[in-house]
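Each chain is listed here by its residues.
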Amino acid sequence: MDAGDLRGVIALDGPSGTGKSTVARRLARRLGARYLDTGAMYRAVTLATLRAGLDPDDEARIVPIAEGLDLRMGTDPDRSTVHIGDEDVAAEIRGRPVTLAVSAVSAIPGVRELLKAEQRAIIQREVGGGHGIVVEGRDIGTAVAPDAPLKVFLTASSDARALRRARQDAAEGRPSTVDATRLDVDRRDRLDSSRSASPLRAADDAVRLDTTDLDLAGVVDLLLTIVDERGLRGVAAERAGR
Ligand code: DC
């Protein structure tokens, strides 16, 4: 690691379409840090659930599937890979069947407990190896890494989120309309915010940023300023005993 690299964890939460993934990846790159997409982990469990022919709320059958899943998450922000065993599932977990079912699967407490433990193990491994890590999701600041020295909660208007998501889908070969995407995004937010196990919400001490009218490069620059104000890079973090 370099002297200017991130030490410790940055927790980045918020609903979909706020620019979270783009911001998290860019921030990790600029800080010489690792990156973990926890939404991809919920999506991978959902894919395994659908492949097993189960309903996405069949808790009793889904938890054992999640327990037995050989999920392998890459943490390189330039090549964030998702494998089940040796199979690359990065594209398939973004498809419509998984997107429609993932909120139900991620509301299952047993699945959340399991993935939270895996996420903490990945974070510990990276931090123990001397790396910083940017972790994005819905409950990172509240449940997975509540001690993170920087927690960020991104929001944006429903229109802006639908537009961003539709553009991203089109760029990745999954064309849809902005209206259909808005319905999808709103439906998932409602489910993610109202579930009883670790609902989507900002940690009390999170930095809240509304990205509706901000370009994402500006958001990254702003967050880098906060990282430096808090002394979260190598040399400064070491001096502060972090
Ligand atoms: O970020 P995403 O759209 O890929 O996330 C997929 C789903 O996973 C989302 O609907 C909510 C859920 N999720 C969660 O419940 N907790 C997380 N830490 C990350 C994602």
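No experiment lies behind these values; they were computed from the predicted model shown. (Residues numbered from 1 in each chain as written. Predicted model: local features only at pLDDT ≥ 70, side-chain atom pairs only at ≥ 80, totals over all residues. Heavy atoms only, no water.)

What to know about the pattern of salt bridges
Per the counting criterion, the structure on display carries 23 salt bridges. Arginine 182 is the partner of aspartate 159 in a salt bridge, and the nearest nitrogen-oxygen pair spans 2.9 Å. Of the two residues, aspartate 159 sits in helix α7 (residues 158-171) while arginine 182 sits in helix α8 (residues 178-194), which places them 23 residues apart along the sequence. Residue aspartate 159 is classed as partly exposed on the basis of its relative accessible area of 48%. (Salt bridge = Lys/Arg side-chain N within 4 Å of Asp/Glu carboxyl O. Helix = DSSP H or I, 4+ residues; strand = E, 2+ residues; numbered from the N terminus. Buried < 20%, exposed > 50% of the residue type's maximum accessible area, 1.4 Å probe, protein only.)

Points about the site of the ligand
In the region of the ligand, 17 residues are neighbours, and Arg43, Arg112, Asp139, Arg188 and Arg195 sit closest. Between arginine 112 and the ligand, the recorded distance is 2.8 Å, taken from a side-chain N or O atom to an oxygen atom. In the model, an oxygen atom of the ligand is placed 2.8 Å from a nitrogen or oxygen of the arginine 195 side chain. Protein contacts shield 98% of the accessible area of the ligand, which totals 450 Å² for the unbound molecule. Within the residue set of the shell around the ligand, elements represented by two or more residues are α2 (38-51), α4 (96-106) and α8. Per-element accounting of the shell around the ligand gives the leading share, 4 residues, to α2. Of the residues assigned to the shell around the ligand, the class counts are 2 nonpolar, 5 polar and 10 charged. (Near = heavy atom within 4 Å. Polar contact = N/O pair within 3.5 Å; in protein donor to acceptor, adjacent residues only side chain to side chain. Areas by Shrake-Rupley, 256 points an atom, 1.4 Å probe, with all protein chains shown as cover. Nonpolar A, V, L, I, M, F, W, Y, C, P; charged D, E, K, R; others polar.)

Structural notes on the nonpolar core
Val45, Leu71, Met73, Val82 and Val111 are the most contacted members of the largest nonpolar core, which totals 35 residues. It is α2 that provides the largest number of residues to this core, a total of 7 residues. Leave out the neighbours within four places in its chain, and valine 82 touches Ala40, Ala44, Leu71, Arg72, Met73, Glu87, Asp88, Val89, Ala90 and Ile93. Counting 24 residues, the second largest nonpolar core, distinct from the first, contains Ala33, Val134, Leu216 and Val220. (Core = buried A, V, L, I, M, F, W, Y, C linked by side-chain atoms within 4.5 Å. Contact = heavy atoms within 4.5 Å.)

Topic: α4
Helical geometry note: an α-helix holds 3.6 residues per turn, so side chains three or four residues apart project in the same direction. Listing the buried residues of α4 in full gives Val98, Thr99, Ala101, Val102, Ser103, Val105 and Ser106. Buried residues along α4 sit against α2, α3 (59-68), α5 (109-128) and α8.

Quick word on α8
Along its 17 residues, α8 runs 24 Å from first to last C-alpha, staying within 8% of the 24 Å computed at 1.5 Å per residue. Looking only at α8, the buried set comprises Thr181, Asp184, Val185, Arg188, Asp189 and Asp192. All buried residues of α8 lie within an arc of 130 degrees about the axis, which places them on one face of the element. The outward face of α8, more than 90 degrees from its buried face, is lined by the exposed residues Asp179, Leu183, Arg190 and Ser194. Its buried side turned inward, α8 meets α2, α4 and α7. (Expected span 1.5 Å × (residues − 1). Arc of directions from axis to C-beta.)

Thoughts on the packing of α4 against α8
Look at α4 against α8: their axes get within 9 Å of each other, and the N-to-C directions meet at 15 degrees. With respect to each other, α4 and α8 are oriented roughly parallel. As for how α4 packs across α8, the hand of that crossing is left-handed. On α8, the residues touching Arg96, Thr99, Leu100, Val102, Ser103 and Ser106 of α4 are Asp184, Arg187, Arg188, Leu191 and Asp192. (Axes fitted to C-alpha atoms, helices over the stretch in contact; angles between N-to-C directions. Parallel < 35°, antiparallel > 145°, perpendicular 65-115°, else oblique. Left-handed = near helix turned anticlockwise from the far one by under 90°.)

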